[in-house]
Structure formats: structure tokens, C-alpha cells
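Observations on the three-dimensional arrangement
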Amino acid sequence: MDERTMLGLLADRLPRAGDDAAVIDGLVVTIDMLHETTDFPSGTTRYTAGWRSVGASLSDLAAMGAAPTGAVAVYGAPAFEQEEILAFVDGARDVCEAVGTEYVGGDLDDHAEFTVATAAVGRADDPVFRSGAEPGDAVCVTGTLGRSAAALRYFDRGEAERANELFRFRPRINAGRALVPYASAMMDSSDGLARSLHQLAEASDCGMAVETPLPIDEAVDAVVGPDERLELGAFFGEDFELVCTVPEPELTAARDAIPVTLTRIGTVTEDGITLDGQPLPDRGYTHQR
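These numbers come from a predicted model, not from an experiment.

**Some remarks on the pattern of salt bridges**
By the definition in use, this model includes 11 salt bridges. Asp282 is the salt-bridge partner of Arg195, the closest N and O atoms lying 3.1 Å from each other. With a gap of 87 residues between them, Arg195 in helix H8 (residues 193-204) and Asp282 in the segment after strand S12 (278-279) connect regions that are remote in the sequence. Judged by relative accessible area, which is 10%, Arg195 ranks as buried. A salt bridge links Asp221 to Arg229, with the nearest nitrogen and oxygen atoms 2.6 Å apart. With relative accessibility at 41%, the residue Asp221 sits in the partly exposed group. A residue is classified by how much of its surface remains accessible, and Arg229, at 26% relative accessible area, is partly exposed.

See the structure below:
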């Protein structure tokens, strides 16, 4: 059974689940797990692992429009190496500082494979869910797509310095908070743009018509040709940008409000998920080996 099927089975039993994070009386809570086999390619430094792991949970808060309060992590590995653990903590601290919050600690455990579990908490008086999109809204994405996919190509080439740089994304906390007055629905793109569009549409009971060109990162063009560009930008995932819908009259104000580029890529429709008029496959990142 794949991850999405299992999450679907759990949905009826967990009514507060289904968004990037849970909201309980204004408290926003999220938790993530990453493994060396599936999430940290050979060449990933422990500093990057700390940054990326905690950053993934902070991205969930960003997708809800939450202000972060703090983050923690569990670090499991076959052996405790001082340099590696200190580098991990430095990465976790730095990504928190980059978005104005604090890394406050966690736990250590023996584990057969380097594995990290992270949690982040925040506050949101008016959180943005996945379920508010309406036909006619603009479909938008922050920043650029494909950085993580490009990073993997650099890891494969043995160019670890460039790969690690691309892997250290900045969680869109400030953009998420700024979009609260404007976005009708929002999530992060960790599972890929295509899958995110399907998830937003399912939650909002609508469709989405998206058109190229998509805002694909220039790093993608440095590692693949034109034929693979769309694959890396739309389907790979792990970019941690925000995918949102904004009512048409609010679009200019939303663009002016946020500190990063907000690109309109399409329009919310009654049904169907399309790219340039053709069905867009529900395909993206899967958290399985």
C-alpha cells in the first residue's frame, strides 16, 4: 500500500488531519520523518541534513500561514560522531534563525540507518487550509521549481558542494504569513507541483487549469535538456515552495505583499486538472523506498 492510499484510509479516523499541519485552538503542529536511504543522497552533509529536516517541518507551518514558535528533532544513527551531530545541530539552528524562530533541542537514539524525525510548532489566528479554492481563483506558486531535482543530479555527478547548496532551501514562512489575507487555499510543494495541484483540488472539490511556462529554477537548465525540464520542475517535488489559490481581485495585492516572486500558473475551474489543456498526471514524490 502506498503512502497516499494509507493516508486516505486514515482520513476518516483523523478528522484534523489532511492539511500540511494540524491546527488546535490556534496552535499549529507538524511532524516529519526523513531517512538516509530515501531523503539524504550520498554526499549530503550533516549540516545540510539538519537544515533540510527542520526546514521541512517549518515549511508545513508556512503552508498554514503560521508564525513559528520553535522546532525539535530526533537524531538516530548507527554511531554518535561528535562532528556529525554538532554539524546537524548547527544546520537545524541556522534554518530556524533564517525564519525568525528557534531550534530548542530533541533526542538521540541508536538506529540502523541515519534517520531524523522533526517537529515544529507555531501560531495562526487565521490559518489557510487546502479546502478554500473557488472557481475563478488564480493558481500561483512562490519562487522556482526543480531545485531539489537539480541537486540530485549534482550529487550523482559528485559535485557535492553545489548539491548541498541547492538542498538547503529557505522555508517560505514570511511569504506564508503575508499570504494569509489573500490566499483561499494553500499547501507546500514537497510532493511536487502536479501532486500538490491534485491535493488542493481534491480538498476544495474543484479543478485546475495550469499552463506553461512554469517558473522552473535555472539550476535545472544547467543539468538537463529541454525535454526533461518539465519532468524535474512539475513532478519531482521536494522544493518546499508554496502552491496557493488567490481570488482574482486580490492577486496584485498578494504579489505586492510577499517577499518572494509569486507566479500565476493557472486558474481554478469546476473540475479536471490540466496542463496546457491536457490531463495532468497525479504523480510526484513518494516517501517510500
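Moving on from the model shown.
**What to know about the pairing of strand S5 (residues 115-123)**
Two faces make up the sheet, and in a regular strand the side chains alternate between them. With 9 bridges connecting them, strand S2 (residues 27-35) and S5 associate as antiparallel partners. Paired with Leu34 across the two strands is Val116, which belongs to S5. Bridge count between strand S3 (residues 67-77) and S5: 9 bridges; the pairing is antiparallel. For Pro68, the partnering residue across the bridge sits in S5 and is Gly122.

**As for the UniProt feature "binding site: Mg(2+) 2" (unreviewed entry) in the chain**
Residues annotated in UniProt with the feature "binding site: Mg(2+) 2" (unreviewed entry) correspond here to Asp32 and Asp60. In terms of the greatest pairwise C-alpha distance, the residues named above, spread along 29 residues, form a tight cluster of at most 9.4 Å across. As for its placement among the helices and strands, Asp32 is situated in strand S2. Given a relative accessible area of 22%, Asp32 falls into the partly exposed group. With sequence-adjacent residues up to four places away left out, Asp32 is seen in contact with Ala56, Ser57, Asp60, Val116, Ala117 and Thr118. In terms of polar contacts, Asp32 uses its side chain to reach the side chain of Ser57, at 2.7 Å. Positionally, Asp60 belongs in helix H3 (residues 46-64). Under the relative-accessibility criterion, Asp60 is labelled buried at 7%. Leave out the neighbours within four places in its chain, and Asp60 touches Asp20, Ala21, Thr30, Asp32 and Asp188. A polar contact of 2.8 Å, which involves the side chain of Asp60, links it to the side chain of Thr30.

**Quick word on the sheet that holds S2**
The mixed open sheet is built from 5 strands, whose spatial order is S1-S2-S5-S3-S4. Looking at strand neighbours, the two that pair on one side only are strand S1 (22-24) and strand S4 (103-110), the edges of this open sheet. Taking the axes of each pair of neighbouring strands and ignoring which way they run, one obtains an average angle of 20 degrees across the sheet. Those strands touched by helix H4 (residues 82-98) are S3, S4 and S5, and its axis lies near 150 degrees from that of S4.

**Let's talk about the pairing of S4**
Bridging between S3 and S4 involves 6 bridges; their strand directions are parallel. Residue pairing across strands places Tyr75 opposite Leu108, the latter belonging to S4.

**So, the domain arrangement of the chain**
Domain parsing of the chain yields domain 1 (3-123) and domain 2 (138-279). Each of domain 1 and domain 2 has a C-alpha centre, and the two are 21 Å apart. Taken together, the contacts link 27 residues of domain 1 with 24 residues of domain 2. Approximately 2200 Å² of surface area, both sides summed, lies buried where domain 1 meets domain 2, with 58% of it carried by carbon and sulfur atoms. For the pair domain 1 and domain 2, the number of links is 1 salt bridge.

**Let's talk about the packing of aromatic side chains**
A full pass over the atoms with the stated rule returns 7 aromatic pairs. Where Phe88 meets Phe114, the ring centres are 6.5 Å apart and the plane angle is 90 degrees; that geometry is what we call edge-to-face. On the criterion of sequence distance, the pair formed by Phe88 in helix H4 and Phe114 in the loop between S4 and S5 is long-range, its members being 26 residues apart. In this pair, the class of Phe88 matches that of Phe114, namely buried. An aromatic cluster of three or more residues is present, and its members are Phe40, Tyr75, Phe88 and Phe114. The ring of Phe114 has Arg46 lying over it, and the distance from NZ or CZ to the ring centre is 3.6 Å.

Parameters and conventions
Residues numbered from 1 in each chain as written. Predicted model: local features only at pLDDT ≥ 70, side-chain atom pairs only at ≥ 80, totals over all residues. Heavy atoms only, no water. Salt bridge = Lys/Arg side-chain N within 4 Å of Asp/Glu carboxyl O. Helix = DSSP H or I, 4+ residues; strand = E, 2+ residues; numbered from the N terminus. Buried < 20%, exposed > 50% of the residue type's maximum accessible area, 1.4 Å probe, protein only. Pairing = 2+ DSSP bridges. UniProt positions renumbered as here; feature names shortened; annotations may be inferred. Contact = heavy atoms within 4.5 Å. Polar contact = N/O pair within 3.5 Å; in protein donor to acceptor, adjacent residues only side chain to side chain. Axes fitted to C-alpha atoms, helices over the stretch in contact; angles between N-to-C directions. Domains from an automatic or database assignment. Buried area = accessible area lost by both parts, 1.4 Å probe. Phe/Tyr/Trp six-rings, centres within 6.5 Å; stacked < 30°, edge-to-face > 60°. Lys NZ or Arg CZ within 6 Å of the ring centre and 35° of its normal.

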